[in-house]
Amino acid sequence: MNPKIKIIEGDITALEVDAIVNAANPSLMGGGGVDWAIHNAAGPELKEACRPLRGCHTGDAKITAGFQLKAKYVIHTVGPVWNNGTQAEEVLLASAYRRSLEVAVEKGVQSIAFPSISTGAYRFPFDLATRIALNTMETFLKENESISQIIFVAFGQKDYEQMQRVARNL
Ligand code: AR6
């Protein structure tokens, strides 16, 4: 794995990085899971900043300030809902990671943290999602010099061990 990619266990809202990525829904107006945690930690201004963005398509990403977070920016992306692999979910998940990184580079972000997009409420199989995430990060880093660190955040010990196992077997 590229040494710029690091897998850690923790709460993404606590990280001191230039940008954290939110696994949002197409409304961008908040929800459960990591979306809730990020809005809760950033404060109500985050929702007001999202409102004029008028939502986000699956596989795309948009950026706001981080408000009360330590992170300067929140990049809001929308992963696909898993539907047995019949709706181009793999392509759309890769796109969510790639578009988030593209938006980050446009703003001069050097350090960025991702949650495991789509693997909670959206039910994407965890190992497959982890492989797609890590492969997309690797490919992006080969083409872009400006990102110095990508942190992939596991929520809990079990997810951490599973991510490490997938990373070893890429
Ligand atoms: N830090 C890091 N990872 C977290 C945290 C946290 N604080 N909290 C949860 N996770 P989910 P999705 C992990 O459901 O599947 C929302 O309602 C979690 O363990 O948050 O993309 C949105 O509004 C899981 O591995 O996002 C959408 O409607 C991962 O984050 C919908 O859920 C993603 O789980 C999006 O579903």
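In what follows, the accompanying structure is described. (Residues numbered from 1 in each chain as written. Predicted model: local features only at pLDDT ≥ 70, side-chain atom pairs only at ≥ 80, totals over all residues. Heavy atoms only, no water.)

The local shell around the ligand holds 21 residues, among which N25, G32, D35, G120 and A121 are the closest. Contact between the ligand and D35: an oxygen atom at 2.7 Å from a side-chain N or O atom of the residue. Measuring from an oxygen atom of the ligand, one finds a backbone N or O atom of G120 at 2.8 Å. Looking at the shell around the ligand element by element, the count peaks at 4 residues for helix α1 (residues 33–42). For the shell around the ligand, the residue count by class is 10 nonpolar, 9 polar and 2 charged. (Near = heavy atom within 4 Å. Polar contact = N/O pair within 3.5 Å; in protein donor to acceptor, adjacent residues only side chain to side chain. Helix = DSSP H or I, 4+ residues; strand = E, 2+ residues; numbered from the N terminus. Nonpolar A, V, L, I, M, F, W, Y, C, P; charged D, E, K, R; others polar.)

Let us now look at the pairing of strand β4 (residues 73–77). Counting buried positions along β4 yields 5 of 5 residues, so the element is predominantly enclosed. Alternating residues of β4 divide into Y73, I75 and T77 and V74 and H76, and every residue in both groups is buried. Of the strand pairs in this sheet, strand β2 (residues 19–23) and β4 are connected by 5 bridges, and their pairing is parallel. Residue pairing in the sheet places V21 in a bridge with I75 of β4. With 5 bridges joining them, strand β3 (residues 61–65) and β4 adopt antiparallel strand pairing. Following the sheet pairing, A61 is matched in β4 by T77. (Buried < 20%, exposed > 50% of the residue type's maximum accessible area, 1.4 Å probe, protein only. Pairing = 2+ DSSP bridges.)

Bringing the environment of V21 into the picture now. Following the sequence through the fold, V21 ends up in strand β2. Residues V21 and S116 lie 95 residues apart in sequence; the distance between their C-alpha atoms is 9.6 Å. Ignoring any residue separated from it by four or fewer positions in sequence, one finds V21 in contact with I12, I38, I75, T77, S100, I112, A113, F114, P115 and I117. (Contact = heavy atoms within 4.5 Å.)

On to the pairing of strand β6 (residues 149–154). For β6, the buried fraction is high: 5 of the 6 residues fall into the buried class. Inspection of the sheet shows strand β5 (residues 111–114) paired to β6 by 4 bridges, in the parallel sense. Of the residues in β6, the one forming a bridge with I112 is I150. Between the parallel pair β5 and β6, the chain is carried across by helix α4 (residues 126–143), and the sense of this crossover is right-handed. (Right-handed = clockwise from strand over helix to strand, strands pointing away.)

Honestly, it's all geometry; don't read function into it.
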